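# Survey of secondary and tertiary structure
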Amino acid sequence: MDHVSAFDEPLKKLLGGATAKVMADHLDLHTVGDLLHHYPRRYEERGRLTALTDLPLDEHVTVVAQVADARVMTFNGGRGKRLEVTLTDGHGRLQLVFFGHGVHKPHKELLPGRRAMFAGKVSVFNRKMQLAHPTYQLLDAELTDEAGATEAVDAFAGKLLPIYPACKQLDSWRIAKAVDAVLPSAQEAVDPLPPALREGRGFTALPEALLKIHRPHTKADVAAARDRLKWDEAFVLQVALARRRYADTQLPAVARRPVPDGLLDAFDATLPFTLTDGQLKVSKEIFDDLATEHPMHRLLQGEVGSGKTMVALRAMLATVDAGGQAAMLAPTEVLAQQHHRSITEMMGELAEGGMLGGADQGTKVVLLTGSMGMPARRQALLDLVTGEAGIVIGTHALIEDKVKFHELGLVVVDEQHRFGVEQRDALRSKAHSQGEKRSPHLLVMTATPIPRTVAMTVFGDLETSVLDQLPAGRSPIASHVVPAKDKPHFLSRAWERVREEVDNGHQAYVVCPRIGDDEDEAAGKKGKKAADEEGDKRPPLAVLEIAEQLAKGPLSGLRVEVLHGRMHPDEKDDVMRRFAAGQVDVLVATTVIEVGVNVPNATAMVIMDADRFGVSQLHQLRGRVGRGSAPGLCLLVSEAHEASPARARLSAVASTLDGFELSRIDLEERREGDVLGRAQSGVRSSLRVLSVIDDEEVIAAARAEAVEVVAADPELEHLPELRLVLDALLDKDREEYLDKG
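A few points on the structure. (Residues numbered from 1 in each chain as written. Predicted model: local features only at pLDDT ≥ 70, side-chain atom pairs only at ≥ 80, totals over all residues. Heavy atoms only, no water.)

### So, the environment of Leu-139
- Note on placement: Leu-139 falls in the loop between strand E7 (135-138) and helix H6 (147-155).
- The spacing of Leu-139 and Ala-65 is 74 residues in sequence and 9.6 Å in space, taken between C-alpha atoms. (Helix = DSSP H or I, 4+ residues; strand = E, 2+ residues; numbered from the N terminus.)

Written out as structure tokens, the structure reads:
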């Protein structure tokens, strides 16, 4: 077990308290192992200079460049001093600026022709990129009198300078020095790869890979190290997921098979349309899973409007036929109410089982949410305990202790990313606590298209089904970017288009990033300081202000109403009901409408400050229009500059309706840290060199290997090293983390 001690050694023992504290607070590095896994972001060749032309704004960067010139300017009538240094790399230039007493030392050291590493946050001043008060380290080997400089050069083995992900409080080269202090421990790394696998794929040994990634002599060193470390990450994660899937297959569940001439057949007979091939194929996958004696764990992905609810409802009806109850969990009350409404409408009299006038083989469909009145809630709970209600729809209030089921057979979770493992496990234990040693089947639905690699990592413990056909009768949606700043007349035209849609008997949404009420304003004041620092002069547009402007101005005479998350649930419900009934022309809303609002008569959507929403979110929002027979229109209004990344993102959304294509763009945007950040909160080491974007083959191959390893040796008895690494990676008491999604 001594490896654990070397890698678990706290950093403060080796680096001193102050450095260790900065590493813990700002980089989340606590142990020797953490620091050894803090890999360089890239490498500079000492002979070459960093490209100054493509530095990211507002990020903390490290550049290697040469001083072109340096001059001291005075201001405030000679009272203030400012040192301006211009750096060059042969292509671009970058301005450095130092103020006040901070100008003396750099003025002596940063002479034209000198080369150094500089670190700081990139900002724009007078339309030029600059670093204000950067820290720097000279790199000219000739300066032997300044011992520090030679040492700096020698500290980096070979010609490649590792540039580490750094922070304001700790420069890349200070991190490099700290890494030097812990590198000897790399020799004690425990290798998780089974020897046969390692040799078969010709991988470098782990200690060597760690050495090469931190102190490479050549680019080939870096490549070999990255290949090896990528595999470790992919493989260990996939083994953890494979073990979880294996454990799930060992759990008992009640097989639920549809009964001939039951509720499902009666429902299918009433459908006014035929199911798409995709719906039939996915339904078959689900019914096959339901028919086995271990719990289904399936992820159902499908574009907004691809008919997921229909597929889920048929699975719920089959479960009721087979004597079980089905629960559907939605992320918000509004959504739970909508699902309840649409499901009772789809089922018609079949949802009135046990009521007068209800169908003989019907069942009761109850709603259970936190804000229900006591009498209604009491009745719903009673219907669940007695088994009178075959289907219950609600928010996660459903899994509170008080709720008892008669026999819970299937759980459908809508929009998984708002649901953590705790809830999933609470559902399992709910079945167990009621004397039932068998787990319910689980179907998770999401309208967010998930690239295959993310599905294999974040949702790796679920089997995946994809609905990729839109049902017949869905109309195309035209999307356009409206550059409000450059071309204000485009915005006026946008409001005319909304009027035209309403004149043609249709309705429209206007979406804003913010609410604009008192609570919002208080938060806004805090946010304003941050916005000012980032150079954003105004806060995002708000629902209440825009609604008022529209009603008085370009949309006067139309019935304009607002909808946002801080309204009372009854009020929200009332607005939605009237909008659905066509009594409201234009609904000005926040993203509460992102999931689940279904109004086929709404054909236009105007998204204000569209650049403040993510790509996938814009795609979700847009899916709210064009749900009927008339074509949809989505206008993305933005003041972002034409050449900005924000505008490029909007153009991408406008140019395709393919959610999977957009989810890739979204992933590249947010970098995988974000995608996996929430999913891996139980893990001490998240992905560092593995890229969910580029490494699809590695992930797929690692998954295949992991499945074989776990099938042959579920407890990993013959692979003690792999077990050690897994235990260190997963918090011992709960391998459950992988459900975090």
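Resuming the write-up.
### Comments concerning the sheet that holds strand E18 (residues 560-563)
- With parallel pairing, the 6 strands of this open sheet are ordered in space as E16-E21-E20-E17-E19-E18. Edge positions in the open sheet fall to strand E16 (477-483) and E18, since each of these has one partner strand only. Going across the sheet, the axis of each strand differs from the next one's by a mean of 20°, ignoring polarity.
- Where strand E17 (residues 507-511) lies against strand E19 (residues 586-589), 4 bridges are found, and the strand directions are parallel. What sits directly across from Ala-508, in E19, is Val-586. (Pairing = 2+ DSSP bridges. Axes fitted to C-alpha atoms, helices over the stretch in contact; angles between N-to-C directions.)

### Here we look at the packing of helix H10 (residues 219-250) against helix H25 (residues 696-712)
- Taken N-terminus to C-terminus, the directions of H10 and H25 make an angle of 45°; their axes are 8 Å apart at the nearest point. By the angle between their axes, H10 is oblique relative to H25. The handedness of the crossing between H10 and H25 comes out as right-handed. Along the contact surface, H10 presents Lys-230, Trp-231, Ala-234, Phe-235, Gln-238, Val-239, Ala-242, Arg-243, Arg-245 and Tyr-246, while H25 presents Val-698, Ile-699, Ala-701, Ala-702, Arg-703, Glu-705, Ala-706, Val-707, Val-709 and Val-710. (Parallel < 35°, antiparallel > 145°, perpendicular 65-115°, else oblique. Left-handed = near helix turned anticlockwise from the far one by under 90°. Contact = heavy atoms within 4.5 Å.)

### Observations regarding the nonpolar core
- Counting 35 residues, the largest nonpolar core has Met-347, Ile-391 and Leu-410 as its most contacted members.
- Listed by contribution, the elements that provide at least two residues to this core are helix H11 (263-270), helix H12 (277-290), helix H13 (308-321), strand E10 (325-329), helix H14 (333-347), strand E12 (389-394), strand E13 (408-414) and strand E14 (441-446).
- Per element, the largest residue contribution to this core is 9 residues, and it comes from H13.
- Those residues in contact with Leu-410, other than ones at most four positions away along the chain, are Leu-290, Met-296, Ala-315, Met-316, Thr-319, Gln-325, Ala-326, Ala-327, Pro-440, His-441, Leu-442 and Leu-443.
- Within the second largest apolar cluster, 34 residues are counted, among which are Leu-29, Leu-36, Tyr-164 and Ala-178. (Core = buried A, V, L, I, M, F, W, Y, C linked by side-chain atoms within 4.5 Å. Buried < 20%, exposed > 50% of the residue type's maximum accessible area, 1.4 Å probe, protein only.)

In short, shape yes, function no, at least from these values alone.
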